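One letter stands for each residue in the lines below.
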Amino acid sequence: MSKIIAVNAGSSTLKFKLYEMPEENVLAEGVIERIALPASHVEIKYGDGKKYEKTTDVKNHEQAIQILLDQLLNLDIIKEYSEINGVGHRVVAGGEYFDKSVVITPDVLKKIESSTELAPLHEPANVLGIKAFKKVLPDIISVAVFDTAFHATLPEKNFLYSLPYEYYEKYSARKYGFHGISYRYVSQRAAELLGKPAEDLKMIIMHLGAGASICAVKNGKSFDTSMGFTPVTGITMATRSGDVDPSLLAYVMEKEGMTDINEMIKVLNTKSGLLGISGVSADMREVEAAQATNPRAKVAREIYVNRIIRYVGAYLAEMGGADAIVFTAGVGENSITIRKEVAEGLNYFGIGVDNEKNDVRGVVRDISAKDSKIKTLLVPTDEELMIVRDVQTLANK
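Residues numbered from 1 in each chain as written. Predicted model: local features only at pLDDT ≥ 70, side-chain atom pairs only at ≥ 80, totals over all residues. Heavy atoms only, no water.

1. Observations concerning the overall build of the protein
Phase 1: Counting secondary structure elements, the protein contains 14 helices and 14 strands.
Phase 2: The C-alpha atoms of the protein give a radius of gyration of 21 Å, which matches the 21 Å a tight globule of 397 residues would have.
Phase 3: Each of the three principal axes of the protein carries a C-alpha extent, and together these read 60 × 55 × 50 Å.
Phase 4: Within the protein, the proportion of its 397 residues that are buried is 51%.
Phase 5: Looking at the protein alone, contacts between residues at least 24 apart form 60% of all its contacts between residues at least 6 apart.
Phase 6: Total accessible area on the protein is roughly 18600 Å²; 49% of this is exposed by carbon and sulfur atoms.
Phase 7: Taking the average location of the 47 positive side-chain charges in the protein and that of its 53 negative ones, the two points are 2 Å from each other. (Helix = DSSP H or I, 4+ residues; strand = E, 2+ residues; numbered from the N terminus. Rg over C-alpha atoms; globule rule 2.2 N^0.38 Å. Buried < 20%, exposed > 50% of the residue type's maximum accessible area, 1.4 Å probe, protein only. Contact = heavy atoms within 4.5 Å. Areas by Shrake-Rupley, 256 points an atom, 1.4 Å probe, with all protein chains shown as cover. Lys, Arg positive; Asp, Glu negative; His and termini not counted. Charge placed at Lys NZ, Arg CZ, Asp CG, Glu CD.)

2. Observations concerning the packing of helix α6 (residues 180-194) against helix α14 (residues 383-396)
Phase 1: Two elements in contact, α6 and α14, have axes whose closest approach is 8 Å; the angle formed by their N-to-C orientations is 95 degrees. As far as their axial angle goes, α14 and α6 are roughly perpendicular. Contacts from Ile181, Ser182, Arg184, Tyr185 and Gln188 in α6 reach Glu383, Leu385, Met386, Ile387, Arg389 and Asp390 in α14.
Phase 2: Of the residues belonging to the contact of α6 with α14, the class tally is five nonpolar, two polar and four charged. (Axes fitted to C-alpha atoms, helices over the stretch in contact; angles between N-to-C directions. Parallel < 35°, antiparallel > 145°, perpendicular 65-115°, else oblique. Nonpolar A, V, L, I, M, F, W, Y, C, P; charged D, E, K, R; others polar.)

3. Focus: the side chain of Gln392
Phase 1: Among the structural elements, Gln392 can be located in helix α14.
Phase 2: Residues within four places of Gln392 in sequence aside, it is in contact with Ser2, Ile4, Met21 and Pro22.

4. Observations concerning the packing of helix α11 (residues 295-319) against helix α13 (residues 336-345)
Phase 1: The interhelical angle for the contact between α11 and α13, taken along N-to-C directions, is 50 degrees, at an axis separation of 9 Å. Between α11 and α13, the interaxial angle falls into the category oblique. As for how α11 packs across α13, the hand of that crossing is right-handed. For the pair α11 and α13, contact is made by Arg301, Tyr304, Val305, Ile308 and Ile309 and by Thr337, Ile338, Glu341, Val342 and Gly345, respectively. (Left-handed = near helix turned anticlockwise from the far one by under 90°.)

5. What about the nonpolar core?
Phase 1: Of all hydrophobic cores here, the largest spans 44 residues; its most connected members are Ile204, Met206, Leu208, Ile214, Ile308, Val312 and Ile325.
Phase 2: Looking at this core, the elements with two or more residues in it are β9 (202-208), β10 (212-218), α10 (284-290), α11, β12 (324-328) and α13.
Phase 3: Looking at this core, the element that brings in the most residues is α11, giving 10 residues.
Phase 4: Not counting the four nearest positions on each side in its chain, Met206 is found in contact with Ser213, Ile214, Ile308, Val312, Ile325, Val326, Phe327, Thr328 and Val342. (Core = buried A, V, L, I, M, F, W, Y, C linked by side-chain atoms within 4.5 Å.)

6. Quick look at the pattern of salt bridges
Phase 1: Under the definition given, this model contains 22 salt bridges.
Phase 2: Taken together, the shared-partner salt bridges connect Lys17, Glu29 and Glu384 into one network. (Salt bridge = Lys/Arg side-chain N within 4 Å of Asp/Glu carboxyl O.)

7. Regarding the sheet that holds β9
Phase 1: Strand order in the open sheet formed by six strands is β11-β10-β9-β12-β14-β13, with mixed pairing between adjacent strands. Edge positions in the open sheet fall to β11 (221-225) and β13 (365-366), since each of these has one partner strand only.
Phase 2: Relative to strand β14 (residues 375-378), β12 is paired through four bridges, and the arrangement is parallel. Considered in β14, the bridge of Ala324 is made with Lys375. (Pairing = 2+ DSSP bridges.)

8. Thoughts on the pairing of β14
Phase 1: Inspection of the sheet shows β13 paired to β14 by two bridges, in the antiparallel sense. Across the sheet, residue Asp366 finds its bridge partner in β14, namely Leu377.

9. Comments concerning the sheet that holds strand β2 (residues 14-21)
Phase 1: Overall, mixed pairing links the eight strands, which are arranged β5-β4-β3-β2-β1-β6-β8-β7 in an open sheet. Single-partner strands in this sheet number two, and they are β5 (50-56) and β7 (102-103).
Phase 2: The sheet contact formed by β7 and strand β8 (residues 141-146) spans two bridges and is antiparallel. Of the residues in β8, the one forming a bridge with Val102 is Ala144.
Phase 3: The sheet contacts of helix α3 (residues 123-136) involve β1 (2-9), β6 (84-91) and β8, and relative to β6 the element is tilted by about 165 degrees.

10. Observations concerning the pairing of β9
Phase 1: A large share of β9 lies buried, amounting to six of its seven residues.
Phase 2: Summarising the sheet, β9 and β10 pair through seven bridges and their orientation is antiparallel. Each residue of the ladder has a partner; that of Ile205, found in β10, is Cys215.
Phase 3: The loop that links β9 with its antiparallel partner β10 comprises three residues.
Phase 4: Sheet topology note: the β9/β12 ladder contains five bridges and is parallel. By the bridge assignment for β12, Met203 is matched with Ala324.

11. Considering helix α7 (residues 246-256)
Phase 1: In this structure Asp245 caps α7, since a side-chain oxygen of it lies 2.9 Å from the backbone nitrogen of Ser247.
Phase 2: Within two residues after α7, Gly257 carries a phi angle of roughly 70 degrees, on the positive side. (Polar contact = N/O pair within 3.5 Å; in protein donor to acceptor, adjacent residues only side chain to side chain.)

12. Description of the environment of Thr105
Phase 1: With respect to the helices and strands, the residue Thr105 is situated in the loop between β7 and α2 (106-113).
Phase 2: Relative accessible area serves as the criterion here: at 35%, Thr105 is assigned to the partly exposed category.
Phase 3: Residues Thr105 and Gly242, spaced 137 residues apart in sequence, show a C-alpha to C-alpha distance of 34 Å.

These figures capture arrangement, not role.
Here it is in structure tokens:
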């Protein structure tokens, strides 16, 4: 038996989940928030419903990791650091360098650092997490698991933009896609639910979280996906705009007196989507609660559903149909009404949900209506499990 920890480092957060392998038992999970800010918050869940919480000052990611490891000892979750045999890091962008998970070497880390332009909000934090863990636990196997790797199978017609080809040749300007760790897990789990090999299926998976995207999975491989060169494109998200006419950006920049494109990129990433349209919140639950009295909240929700239907419809046409559509991630797993409305919008294709089966949250279930031609599935994602499985596989080698 071994213990492997999955890590997702954000700019001011460190999320983790500790597994006992190969049994895949979760021993502990938690988050350290507000790193490098006053009153950082530490939360660790473990055992049978136990929880440790503390507010303290955490000055950097290295200290956060040290606090995490010390508490694993203090809470008797581990006896000594050496029980942790490996760490898997979620890394958002691998560019064209990586089409699978890899053991982190100095060369690998250098290539990850060179990919920060593809995910400027996430990649620098991912690098911080890798370096901090390396410093605290230098001798254990350290693995990078990439969100972009699953999409390495995209055909040229789907990953190239209609720009001068030299931009791709010189700058690798192309669609990369994201949420690949989630899509890999969910496509495998959905295939199990359907009782067929993933290689024999066509699925459209909707990862509807704060960051949201849609992926057409054909014969077990990514065929097309809504996010592009960066995670800002595609469908409407919590604070990201999704698709926007680039000429409109130039127009708004001139009107607003913006001189730096990075100002507009920040607006697209952090002030748009549900938050920007509704003016209420980036949280779908709060937007839904406000829609009865707030017209902007109502239209924000309508746009959110509309963009999902638009992409799913396009992928159904692109793949020549599908065996199943699949909902996952925060909104996809928990919003009964969003699932119902998306299915209703796709009724023309023979998609529908059974209201009773759909009246659940966060469980694996076939929620299809009895007469559906295309199955509708609910499959909660588990990116951390996918990460530790990759660490285990590479450690065994």
